[in-house]
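Overview (structure and organization)
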Amino acid sequence: MEENLASLRRPKRGRPPRPRYEDHAEFEEEAEAEGLGPPQTKRKRAASAAAAAALEDQRLIDIIKHNGRLISLAVKKLVEDYESDKNSVTFQILTMVFEACGAKHEIYPDYLHESDVDEIVVNLVELARKGLVEDNYNSKQKDLKNFKENLVSFWDNLVVECQNGPLFDDILFQKIKDYVVALACSPPRVYRQVATLIGLQLVTSFISVAKTLSGQRETTQRQLNAEKKKQSVGPLVESLNKRLALTHENITYLEELMRKIFTGLFMHRYRDVDPEIRMSCIKSLGIWVVSYPSLFLQDIYLKYLGWTLNDKNAGVRRTSVLALQSLYEVDDNIPSLGLFTERFYKRMIQLADDIDISVAVSAIGLIKQLMRHQLLSDDDLGPLYDLLIDEPPLIRRAIGELVYDHLIAQNIKTSHTGARDEENESSEVHIGRMLQILREFADDAVLSSYVIDDIWDDMKAMKDWKCMISVLLDENPAIELTDIDGTNLVRMLRASAKKAVGERIVPAMDNRKLYYNKAQKEVFENSRREITSALLVRYPQLLRKYISDKAKISPLVDMMILLKLEMYSFKRQEKHFKAAIDLIFDAFFKHGEKDTLRSCIKAITFCCNECQADLKDYAENKLKNLEDELVLKVKNAIKEVEAGDDEYSLLVNLKRLYELQLSKPVKNDGLFEDMYRILSHLTDMDNEVKSFLLLNMHLQVAWCLHAIDDKNPSETSIDELLSKQSSLFEQLYYYLVVLPTYQEGGRSTSVLSCRVCIITAEMWCLFKKSKYSSTRLESLGYLPQLDIVQKFWKLCEQQLHISDETEDEDSNREYIEDTNKDAVMIAAAKLVLADTVSKDYLGPEIVSHYESHGASTTEIIKHLITALKKNGNFDMAALFLEALKRAYERYMTHVHDEENQTLIGKSYKECQDLASRLAGSYVGAARNKYKSEILKIIQDGIPYAFADLPKQLSFLEAALLPFVSKLASSDIPDILTDVQRRAQNTNLNGDQSSLGPYSTFVEHLRERQKNEVFQEEKEEKPVRRRGRPRKVRDVSGKKLFDGHNSSDEESISASDHQGHGEDDDDDDEADQPLINTIRSSASKLRSLKVSQQGTSGHKEAPVRSGSNS
């Protein structure tokens, strides 16, 4: 004992040792009996006494609300008291249930004992109707933040404490079960929420006890079998038999109790109107099936997980998917899931395209589980491959991982998810399989980039730079490259390298700039070193081999800007750097395509900026040589064309010059004059040649202006610039007059027209008169005359009428993004916004086309109007009214020319749509704020309508009527009086059919005058959905198990069967991301055939029905 006491004494110095209660429990009991307990035991006794005192002072509901640490003690006391006073303890527990539901009741023990369950619950529901309910479940109060957790803990502790007695007395928990089920089926939502939580936790706790009993039963059975083998008969065998029977009886009792709660509570609440209740039911069912499969792994329970895959709430669908994921993770469960999988696998596949991203990602994880167990055929996977180019990155990444596992690593069918077999296969094998996938996208580099981006994180072979390079150089006999495979591998090399150094290879949804921390930057820097090390010697070999291949050379040249150039000096490999620069120089003059030219210029410029010492000098000299040689080639080509030779050489070298001038000025005396001369004299040249002559002249002027010192300009430089400015304007104005008269010419004429419009607008902005007024460069200021602006707009308007189909046909042409109607509209809008030309003419003309040329043009004009509104001094009413007049005049022109009724009707509808769109901008508070503008539009529009009777009367109905609905009824009388007065003064007694618009307008005014309280119109701005764009719905209700259709629980409500977004809005193409317009190309993957061990090729999948859920 003395030794023990010595060991407990506090050391002289240092921190006292921490008592280890679990190691010295027996000793402390002995020491306490002898009065020798340490100070810690005294404090513990004091704490226990305090806790016991606290229990006496607090009700159960207060402990659960505010003092969760006392739950265990409270439960133990309840169980102890139950032996002596069952009714009192039962009353305490049931009272706590009522109070947890929030009911402010006055129920006493005798009343509770004498009344039946229904009577009590009816009284509690009546309290809820009177508002005598406190919502603890949904409360945001800080002291109730642990309410749900404490409530669950109480019931779990109670079941565990009662497992050796009250749990099986057929009184306490039967009573609790009856009340919980009744409350869960009552109308008040908070009652259902609390009772459902309690009921679900009871089943979960019963399962815990049942599993313990099952273990005991197995142990007892083994002992009994051992005794029987000994052929011994006696009290031990009898005792084991009794224990086995009792354990089995208790397990059967618990399972029956679980079934009753499932039938009475779950089967009603899994389709509750509250999605949180539905979610908790499905989550609990998933736990039950996994933890107690002997009871719950049956179709009569599993079907609820399948049905809720169709729930209209995304959270419920996701909970169901996650529950199924945990179910399919257990290999032993698979044999019992055959019928369930057969009935629901199509819905699981559909959910991969769910409108909610979290549901879709979870569903893809579930599909991976199905594939691992070979429960899906290759044909079933066809629709999933479209998602490789879906817009949300999370979806693409998840599908990319699935495609990698299934098609590239081919390990998903034999091992668990995440267990990679890549180490066992060479990079060449994986690269070969990846190239088979990319063959389906050989014609579309954008789609190839999406596929590479999706799979990159999982596929280590895409970071094996040496392997890819050796394959490209035909050094690896394992892969035989076709031309298409070579192109795809070069694209993959570039894309993978860009990803490795932290660059994007597909456009981001939010266009935000990427920011990286220090650790990430170090990883990217290491990747850049690895790429450079792999390419240091081999890069010139790659360039040399593919220098003549226009599809491969551009991405190969792009690799230069991803290298760490100082490594050429560190490794003494300057000769390889110079060889690479020389080859890029040669590639520039060997090709004439935009991508290749830009890549070459970008690469050489990068070397000029990033290299050091001799390498920098070499790159700069090479760029200077390139410039000199290019100018010489352009001049020679001009002379050859003037001599009557072919124009091809001139066109190609003008393209090269244009691309070079986009990045740097090209100085050469006489080059501008040569281009002006040939453009003036040879008017029958190809329109594309003319376009590039004008572009190069424009860039020469822009660089010349940039070179002038605005603080101390020289007269010579100003005179030179003015001469070039005048020459270019002369050519542009010539084409403004000539091009509208061209009857034919096809795409080339359209391109030239677009170029002329855009360059003219850029020149006017560049030399805007107000910018140079009162400066030393005032002579450079320029303001075009109105007749020139009108000719400019006439040519622009001509381009706006080019059909979308025509532009789509040319979508793959070079420079299409610079020569379409959107580019023309942006150029014109810039003139108005920058106040370069008079807004009085061009502004209304642009706005009058608001609704006439498709969604993209509409969006441009919308942004223009928004920007103009921010200028407080701008007269928006005058702009809108003039725009309405221009649109109406176009309609009247068609009527006057007696054109076909279809064209007349279309122009009239355009005028109506314009009016509706402009009036729609005055909504909500804007109607009061801009009341004067609305009045001005109507008041100034009425005289226009009466100016030429009865021809222009329809202006009232077509243009002004939508604005009337924006006025308060108090503003109507003056307008009505004005209209009627004008009608009387002009004596409207002619053809009554022509007076229809007047009558409609007046009738509408009178209706508005009667309506004192006007309703809010819908906002002009469309409501944008969260999540992904909705797909076409084709989800029918699933009545699954034919043998179980006799009771209510075997079916599901129609609302749960139908599509899962409650809205049925049609998709607006204008709101769809650009990638959706090319998604159809991904259907090629459906016929993807990748050789796999034990699997057949993919057949063409049926048309998929995207989920609206």
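Parameters and conventions
Residues numbered from 1 in each chain as written. Predicted model: local features only at pLDDT ≥ 70, side-chain atom pairs only at ≥ 80, totals over all residues. Heavy atoms only, no water. Helix = DSSP H or I, 4+ residues; strand = E, 2+ residues; numbered from the N terminus. Buried < 20%, exposed > 50% of the residue type's maximum accessible area, 1.4 Å probe, protein only. pLDDT = per-residue confidence, 0-100. Contact = heavy atoms within 4.5 Å. Axes fitted to C-alpha atoms, helices over the stretch in contact; angles between N-to-C directions. Nonpolar A, V, L, I, M, F, W, Y, C, P; charged D, E, K, R; others polar. Phe/Tyr/Trp six-rings, centres within 6.5 Å; stacked < 30°, edge-to-face > 60°. Expected span 1.5 Å × (residues − 1).

Another point: unusual backbone geometry. Even without being glycine, Gln374 reaches a positive phi, approximately 60°. Among the secondary structure elements, Gln374 is positioned in the loop between α18 (357-372) and α19 (382-385). On the accessibility criterion, Gln374 (56% relative accessible area) is exposed. Of note, the phi angle at Asp474 is positive, near 60°, even though the residue is not glycine. As for its placement among the helices and strands, Asp474 is situated in the loop between α23 (465-472) and α24 (483-500). Here Asp474 falls in the exposed class, since its relative accessible area comes to 52%.

Quick look at the confidence of the model for the chain now. For the chain, the average pLDDT comes to 81, and 82% of its residues sit at 70 or higher. Note that pLDDT drops below 50 for residues 1-38; the model gives that stretch 17 contacts with residues more than four away or on any other chain. Below a pLDDT of 50 lies the segment residues 1029-1109, which in the model reaches 188 contacts outside its immediate sequence neighbourhood of four places, other chains included.

The interhelical angle for the contact between α24 and helix α25 (residues 518-535), taken along N-to-C directions, is 145°, at an axis separation of 8 Å. Across the interface between the two elements, Ala497, Lys499 and Ala500 of α24 pack against Phe524, Ser527 and Ile531 of α25. Taken together, the residues that form the contact of α24 with α25 break down as four nonpolar, one polar and one charged.

Moving on: the packing of aromatic side chains. Taken as a whole, this structure holds 33 aromatic pairs when the rule is applied. Judged by centre distance (5.9 Å) and plane angle (10°), the rings of Phe266 and Tyr270 are stacked. Assessed through its relative accessible area of 1%, Phe266 is described here as buried. Ring geometry for Tyr270 and Tyr304: centres 4.9 Å apart, planes at 75°, overall edge-to-face.

Here helix α8 (residues 117-129) is 13 residues long and its end C-alpha atoms lie 19 Å apart, about the 18 Å a rise of 1.5 Å per residue gives. On the buried face of α8, the contacting elements are α6 (86-100), α7 (109-114), α10 (172-184) and α11 (189-229). Once α8 ends, the next one or two residues include Gly131, with phi positive near 85°.

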